[in-house]
Amino acid sequence: MKFVFRVFFKTLRFVLAPLVLLWEFFTTPKGLVRTPELQGKVDAECRNLALYQFKTCPFCVKVRREMRRLSLNIDLLDARNDAQHRAALLEGGGKPVVPCLKITDVAGNSEWMYESADIIKYLHTRFA
C-alpha cells in the first residue's frame, strides 16, 4: 500500500510541476522601479538574505513572485536537489521545510523564518 501511495504522489508531482512553473511564468508581476542608488542599497541589504526553496512548491512560488514585485535580488537556494543546502537548512533552521528565509545580521547571527505569509510580511515591512 505504501508503494501505491508513493507512486501516486510522484506521478501527481510529475504532472503538476510543469503547470506550477507555467503559472509562475505567466503571472510574474513587474518589479518595483527604484533609483539606481536606492536599488543599490536594497541589493546590499539583500546580500544578508537567502531563500531556501523548491522550484515547484506553490508557497515558494508565492514568495518568489513577491520578491520580483519588490525587485529584490535574494539568493535562491534549492533545498530539494542540493544536499548541501538541504543540510544547511536542517542544521540552521531545525527542519527541512520550505520556503525558509535565512536572515543574517551584521554580527553574523542567523534567524530562520518559515511560512510564506510571514516571509512576505517581513519583506514588505523591510523593503516596500
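The present account deals with the structure reproduced in this document.

Analysis parameters
The written sequence of each chain sets the order in which its residues are numbered from 1. Per-residue local features of the predicted model are confined to residues with pLDDT of at least 70, and side-chain atom pairs are confined, for both listing and counting, to 80 or more; whole-chain, interface and lining totals are unaffected and use all residues. Values shown for side chains rest on all heavy atoms present in the structure; no hydrogens or waters enter the calculation. Here, nonpolar core means buried Ala, Val, Leu, Ile, Met, Phe, Trp, Tyr and Cys residues that are tied together by side-chain atoms lying within 4.5 Å of each other. Each residue is assigned to one of three classes by its accessible area relative to the maximum for its type, calculated with a 1.4 Å probe on protein chains only: buried under 20%, partly exposed between the two thresholds, exposed over 50%. Runs of E in the DSSP output that reach at least two residues are strands. Runs of H or I that reach at least four are helices, and both are numbered from the N terminus. Here, two residues are considered to be in contact whenever any of their heavy atoms come within 4.5 Å of each other. To obtain each axis, a line is fitted to C-alpha atoms, and for helices this fit is confined to the stretch in contact; angles are then taken between N-to-C directions over 0 to 180 degrees. Roughly parallel covers angles under 35 degrees, roughly antiparallel covers those over 145, roughly perpendicular covers 65 to 115, and oblique covers all other angles. Throughout, the ten residues Ala, Val, Leu, Ile, Met, Phe, Trp, Tyr, Cys and Pro are labelled nonpolar, Asp, Glu, Lys and Arg are labelled charged, and all others, Gly among them, are labelled polar. Counted as salt bridges are all cases of a side-chain nitrogen of Lys or Arg within 4 Å of a carboxyl oxygen of Asp or Glu.

### Quick look at the nonpolar core
Formed by 16 residues in total, the largest nonpolar core has its most connected members in Leu72, Ile74, Leu101 and Leu123. When contributions to this core are tallied by element, the ones reaching two or more residues are α2 (36-46), β1 (49-53), α3 (58-69), β3 (100-104) and α5 (116-127). Take this core: its biggest share by element is four residues, from α5. With sequence-adjacent residues up to four places away left out, leucine 123 is seen in contact with Leu49, Met67, Leu70, Leu72, Ile74, Leu101 and Ala128. Of all hydrophobic cores here, the second largest spans twelve residues; its members include Cys57, Leu89, Val98 and Trp112.

### Points about the packing of α3 against α5
Following both chains from N to C, one finds α3 and α5 inclined at 10°, their axes separated by 9 Å at the closest point. Here α3 is positioned roughly parallel relative to α5, judged by the angle of their axes. The residues of α5 that touch α3, namely those facing Phe59, Lys62, Val63, Glu66 and Met67, are Ser116, Ile119, Ile120, Leu123 and His124. In terms of residue class, the contact of α3 with α5 is made up of six nonpolar, two polar and two charged.

### Quick look at the pattern of salt bridges
Counted by the stated rule, this structure contains four salt bridges. The closest approach of N and O atoms between glutamate 45 and arginine 126, which form a salt bridge, is 3.3 Å. In this pair, glutamate 45 sits in helix α2 while arginine 126 sits in helix α5, placing the two residues 81 residues apart along the sequence. The partly exposed category is assigned to arginine 126, whose relative accessible area is 33%. By sharing partners, the salt bridges in this structure join Glu24, Arg64 and Arg68 into a single network.

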